[in-house]
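Here's the letter readout for the chains.
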Amino acid sequence: MICALIPTYNNEKTIADIVERTLAQVPTVLVVNDGSTDSTETILAKLTREHEQLVVLTLPCNKGKGFALKSGFQKARELGFSHVLTLDADGQHFPEDIPELLH
């Protein structure tokens, strides 16, 4: 079972679009909010209400991308996922490329 993992820190301008596009590609998306200080947390709360297949893990303060990824991998394991695909929250990676990666 696979999920997508998106670590984010202050990506209020891109996070909703990336999450929505990723949800169209995989059954579950896990976002690790790495202590964002902008409106990222509010945006993620709204998205969580709209999409039950979105899981958000919020860290109380910014600990860096490596820590966010490690926390996300641990959460994915706890949720029973055997595989995790990661994307950046700033739009650097295209969610539409996920099917190609999975084949």
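Residues numbered from 1 in each chain as written. Predicted model: local features only at pLDDT ≥ 70, side-chain atom pairs only at ≥ 80, totals over all residues. Heavy atoms only, no water.

Before going further, it helps to spend a moment on the nonpolar core. Ile6, Ile15, Val19, Val29 and Val31 are the most contacted members of the largest nonpolar core, which totals 16 residues. Counting residues per element, the ones that place at least two in this core are β1 (2–8), α1 (15–23), β2 (29–34) and α2 (40–50). Per-element tally for this core: the top contributor is α1, with four residues. For Ile15, the contacting residues outside a window of four places in its chain are Ile6, Thr8, Val31, Thr40, Ile43, Leu44 and Ala89. Counting nine residues, the second largest nonpolar core, distinct from the first, contains Cys3, Ala68, Leu69 and Ala76. (Core = buried A, V, L, I, M, F, W, Y, C linked by side-chain atoms within 4.5 Å. Buried < 20%, exposed > 50% of the residue type's maximum accessible area, 1.4 Å probe, protein only. Helix = DSSP H or I, 4+ residues; strand = E, 2+ residues; numbered from the N terminus. Contact = heavy atoms within 4.5 Å.)

Of all the positions in α1, only Ile15, Ile18, Val19, Thr22 and Leu23 are classed as buried. The arc enclosing the buried residues of α1, seen along the axis, measures out at 130 degrees, which places them on a common side. (Arc of directions from axis to C-beta.)

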